[in-house]
Amino acid sequence: GLYAVMEKMRRVALDHSASWSEYPTLQDYAKICFWAIRKLEYGFIAEQFVELEKEHNRPLRVLDMGCGVVPLNNWMQRRGHTVIAFDPLREDMEFLVKNNLNAFYESNVQYLSAFGEQLPFPAKWFDVIVSASVLEHTVPGNDRVILDEMARVLKPDGHLVMTLDVSPPQHLQEGEGALPSGLRRFGYPYQPNA
């Protein structure tokens, strides 16, 4: 399943067995995806997605938001779904297309460079939106704009599968004032109460 696809990415990155395997983001994700928390996170998403497949019993139209170079979207497309994956990092999307990672993963994902704050899709278009550890990386306040955009492009009976990095309150450094409860800022994950 999903772990086999991720292992394929990891093997090439660690062995440097493809001309494109030195790409820094690919190298990073090949390590990050196998950290305990990330492995649990992607496992959770895969389990939820399989349940949605059973529930709908038809090909789904899926949007993978902030996909980076993680092959989660390739795994979903290989299961017979239409998958559009985007990330605001144009270099990563160009890397995936230029090096034909679809051929490597035996998939057919459409890759776009876009921003979650202004999704280039019609209303009520997707059956499923996947957002794996994306919102905590956005500028504070834009997370709500992105959620509104997700709601706009998601079908009324659609599903949002989302994970968030959560962190306990940070210890204050000298000169820092206490943050209001639940407030986050760039570089700071959500806190459990938020």
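Residues numbered from 1 in each chain as written. Predicted model: local features only at pLDDT ≥ 70, side-chain atom pairs only at ≥ 80, totals over all residues. Heavy atoms only, no water.

Draft legend 1. Representation of the overall build of the chain in the model. Looking only at helices and strands, the chain has seven helices and five strands in total. Taking all 194 residues of the chain together, 46% fall into the buried category. Contacts spanning at least 24 positions in sequence make up 71% of the contacts within the chain whose residues lie at least 6 apart. Carbon and sulfur atoms make up 53% of the accessible area of the chain, which amounts to about 10400 Å² in all. (Helix = DSSP H or I, 4+ residues; strand = E, 2+ residues; numbered from the N terminus. Buried < 20%, exposed > 50% of the residue type's maximum accessible area, 1.4 Å probe, protein only. Contact = heavy atoms within 4.5 Å. Areas by Shrake-Rupley, 256 points an atom, 1.4 Å probe, with all protein chains shown as cover.)

Draft legend 2. Inspection of the pattern of salt bridges at higher detail. Scanning all chains against the criterion turns up five salt bridges. When the shortest N-O distance is used, the salt bridge between aspartate 127 and lysine 155 registers 3.0 Å. You can see aspartate 127 sitting in strand S4 (residues 126-132) and its partner lysine 155 sitting in strand S5 (residues 154-163), a full 28 residues away along the chain. Accessibility expressed as a relative area gives 24% for lysine 155, which makes it partly exposed. For the salt bridge of glutamate 149 with arginine 152, the shortest nitrogen-to-oxygen distance reads 2.9 Å. Remark: arginine 152 and glutamate 149 occur in helix H7 (residues 142-153); sequence separation between them is three residues, near one turn of the helix. (Salt bridge = Lys/Arg side-chain N within 4 Å of Asp/Glu carboxyl O.)

Draft legend 3. Representation of the pairing of strand S1 (residues 61-65) within the structure. With four of five residues buried, S1 lies mostly within the body of the structure. Across five bridges, S1 lies against strand S2 (residues 82-87) in parallel orientation. Considered in S2, the bridge of methionine 65 is made with phenylalanine 86. Between the parallel pair S1 and S2, the chain is carried across by helix H4 (residues 72-78), and the sense of this crossover is right-handed. (Pairing = 2+ DSSP bridges. Right-handed = clockwise from strand over helix to strand, strands pointing away.)

Draft legend 4. Structural detail: the environment of arginine 144. Note that arginine 144 resides in helix H7. Distance from arginine 144 to glutamate 117, taken between C-alpha atoms, is 8.8 Å for residues 27 residues apart in sequence.

Draft legend 5. A look at helix H1 (residues 2-15). Between its terminal C-alpha atoms H1 stretches 20 Å, which fits the 20 Å expected from 14 residues at 1.5 Å a residue. Positive phi appears at histidine 16, one or two residues downstream of H1, with a value of about 55°. (Expected span 1.5 Å × (residues − 1).)

Draft legend 6. Expanded view of the side chain of aspartate 87. You can see aspartate 87 is positioned in strand S2. Put simply, aspartate 87 is tucked away with no salt bridge, and the nearest opposite charge, on arginine 90, sits 10 Å away. For aspartate 87, the residues in contact, after removing those within four places along its chain, are Gly66, Cys67, Gly68, Met93, Leu112, Ser113 and Ala114. (Lys, Arg positive; Asp, Glu negative; His and termini not counted.)

Draft legend 7. Just the packing of aromatic side chains, in detail. Enumeration over the complete set of coordinates arrives at six aromatic pairs. Relative to phenylalanine 95, the ring of tryptophan 20 lies with its centre 6.2 Å away and its plane at 70°, an arrangement referred to as edge-to-face. Of this pair, tryptophan 20 sits in the loop between H1 and helix H2 (24-32) while phenylalanine 95 is found in helix H5 (residues 90-98), placing the two residues 75 residues apart along the sequence. As far as burial versus exposure is concerned, tryptophan 20 and phenylalanine 95 are alike and both buried. Measuring from centroid to centroid gives 5.0 Å for tryptophan 20 and phenylalanine 104, while their planes differ by 80°, and the two rings are edge-to-face. One end of the pair, tryptophan 20, is in the loop between H1 and H2; the other, phenylalanine 104, is in helix H6 (residues 101-105), with 84 residues separating them in the sequence. We note that tryptophan 20, like phenylalanine 104, is buried. (Phe/Tyr/Trp six-rings, centres within 6.5 Å; stacked < 30°, edge-to-face > 60°.)

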